[in-house]
Amino acid sequence: MSCVLEVKSLNAGYDEIQILWDVSIKTCSGLCTIIGSNGAGKTTLLRAITGIIPTINGSIIFDGKDITKLPAHKRAQIGVIMVPEGRLLFGEMSVLENLQMGAYLKRAKNKYKQNLDFVFSLFPKLSERINQKAQSLSGGEQQMVAIARGLMADPKILIFDEPSLGLSPKLTIEVFSIIKSLKEKGIAMLLVEQNVHLSLSITNNAYVLSEGKIVLSGSGGDLLENPQVKTAFLGL
Ligand code: ATP
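Everything numeric here is computed off the predicted structure, so don't read it as measured data.

Student: Describe the layout of surface pockets, naming the residues involved and giving the relevant values.
Tutor: If you add up the space inside the largest pocket, you get close to 460 Å³. Every residue lining the largest pocket is counted, 18 residues in all, and those nearest its centre are Ala-76, Val-80, Ile-81, Met-82 and Tyr-104. Every element with two or more residues in the lining of the largest pocket is listed here: helix 2 (72-77), strand 6 (80-83), helix 3 (95-102) and helix 7 (139-152). When its residues are assigned to classes, the lining of the largest pocket shows 12 nonpolar, 4 polar and 2 charged.

Student: Let's hear about the site of the ligand: which residues, and what values?
Tutor: As a matter of local geometry, the ligand sits amid 13 residues, with Gly-39, Gly-41, Lys-42, Thr-43 and Thr-44 nearest to it. With respect to the ligand, the side chain of Gln-194 contributes an N or O atom lying 3.0 Å from an oxygen atom. Protein contacts shield 61% of the accessible area of the ligand, which totals 640 Å² for the unbound molecule. The element best represented in the shell around the ligand is helix 1 (residues 42-50), accounting for 4 residues. Among the residues forming the shell around the ligand, the class breakdown is 3 nonpolar, 7 polar and 3 charged.

Student: Any details on unusual backbone geometry? Residues and values, ideally.
Tutor: Of note, the phi angle at Asp-22 is positive, near 55°, even though the residue is not glycine. Its location among the elements puts Asp-22 in strand 2 (residues 17-27). Residue class for Asp-22 comes out exposed when judged on its relative accessible area of 52%. Phi is positive for Glu-211, close to 45°, though the residue is something other than glycine. Note on placement: Glu-211 falls in the loop between strand 9 (205-210) and strand 10 (213-219). We classify Glu-211 as exposed; its relative accessible area is 69%.

Student: For the environment of Phe-62, give the residues involved together with the corresponding values.
Tutor: Looking at the secondary structure, you find Phe-62 in strand 4 (residues 55-62). For the pair Phe-62 and Ser-121, spaced 59 residues apart in sequence, the C-alpha to C-alpha distance is 29 Å. Discounting residues that sit within four places of it in the chain, Phe-62 has contacts with Val-4, Leu-5, Ile-67, Ile-78, Gly-79, Val-80, Lys-156 and Ile-157.

Student: Any details on the packing of helix 3 against helix 5 (residues 112-122)? Residues and values, ideally.
Tutor: Interaxial distance between helix 3 and helix 5 falls to 11 Å at its minimum, and their mutual angle equals 130°. Classified by the interaxial angle, the pair formed by helix 3 and helix 5 is oblique. In the crossing of helix 3 with helix 5, the sense of the turn from one axis to the other is right-handed. Residues Leu-96, Leu-99 and Gln-100 of helix 3 form the contact with helix 5, whose participating residues are Tyr-112, Leu-116, Val-119 and Phe-120. Looking at the contact of helix 3 with helix 5 residue by residue, the classes come out as 6 nonpolar, 1 polar and no charged.

Scoring rules and cut-offs
Residues numbered from 1 in each chain as written. Predicted model: local features only at pLDDT ≥ 70, side-chain atom pairs only at ≥ 80, totals over all residues. Heavy atoms only, no water. 1 Å grid on protein atoms, 1.4 Å probe; cavity = no way out; pocket = protein on both sides within 12 Å on 5 of 7 lines; lining within 4 Å. Points joined across faces, edges and corners; volume = space filled by probe spheres on them. Helix = DSSP H or I, 4+ residues; strand = E, 2+ residues; numbered from the N terminus. Nonpolar A, V, L, I, M, F, W, Y, C, P; charged D, E, K, R; others polar. Near = heavy atom within 4 Å. Polar contact = N/O pair within 3.5 Å; in protein donor to acceptor, adjacent residues only side chain to side chain. Areas by Shrake-Rupley, 256 points an atom, 1.4 Å probe, with all protein chains shown as cover. Buried < 20%, exposed > 50% of the residue type's maximum accessible area, 1.4 Å probe, protein only. Contact = heavy atoms within 4.5 Å. Axes fitted to C-alpha atoms, helices over the stretch in contact; angles between N-to-C directions. Parallel < 35°, antiparallel > 145°, perpendicular 65-115°, else oblique. Left-handed = near helix turned anticlockwise from the far one by under 90°.

Geometric descriptors of this kind do not, in isolation, establish any biological role.
Take a look at the structure:
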């Protein structure tokens, strides 16, 4: 199967501190999830993939092209789009303006109307609140805007950093059902999540990152049944 994203033997970190050690992952069609405890290096891995930090060595192949040395904005131009941790909306701007900011890339501008219709079909509540300032939305609604803004960028892969962070259990379930429906629509996604049970339940494949190394991998179902995962992450 051809894969949208392939990270091969990646070493990366910050200045003198190496955080990721020989990390290899693949995201093919559907959803790929990275789990791991606090400080394992999950966000660092996403930063290396999106080009926010440089790599020491190893390679990142996206859509058949080696993007290891490509700057972050060029990766975004070709469809590597991140929904950041903490949402990072433009609080003073309206919902619609936030969505328009997502569509600033040329490819996305050309598909603006089509993508806007798509996000409003996915989040009907947002279409009723297009003029409301983002900062006045509830936490759950803000997360929806952050996901919608990512979709407005017309991603070839949508990357999520802990989308359930700070959300109530009910809203967390809502966010996961959105991710599941995006998966069913064939959008490739890479997800970093602390909510191990929910993320493994909907993912195609998953990896466990520990102290910067991949220590386990498999289908979501396999990892849910794995004794180490059960003990370390599921409290079983
Ligand atoms: P969490 O689930 O707590 O967000 P994580 O798995 O995403 O954790 P990272 O944020 O990638 O982990 O952090 C991995 C390691 O890198 C940690 O030891 C952290 O202190 C270190 N680190 C993160 N950002 C920087 C930075 N800008 N400069 C130096 N070290 C950093």
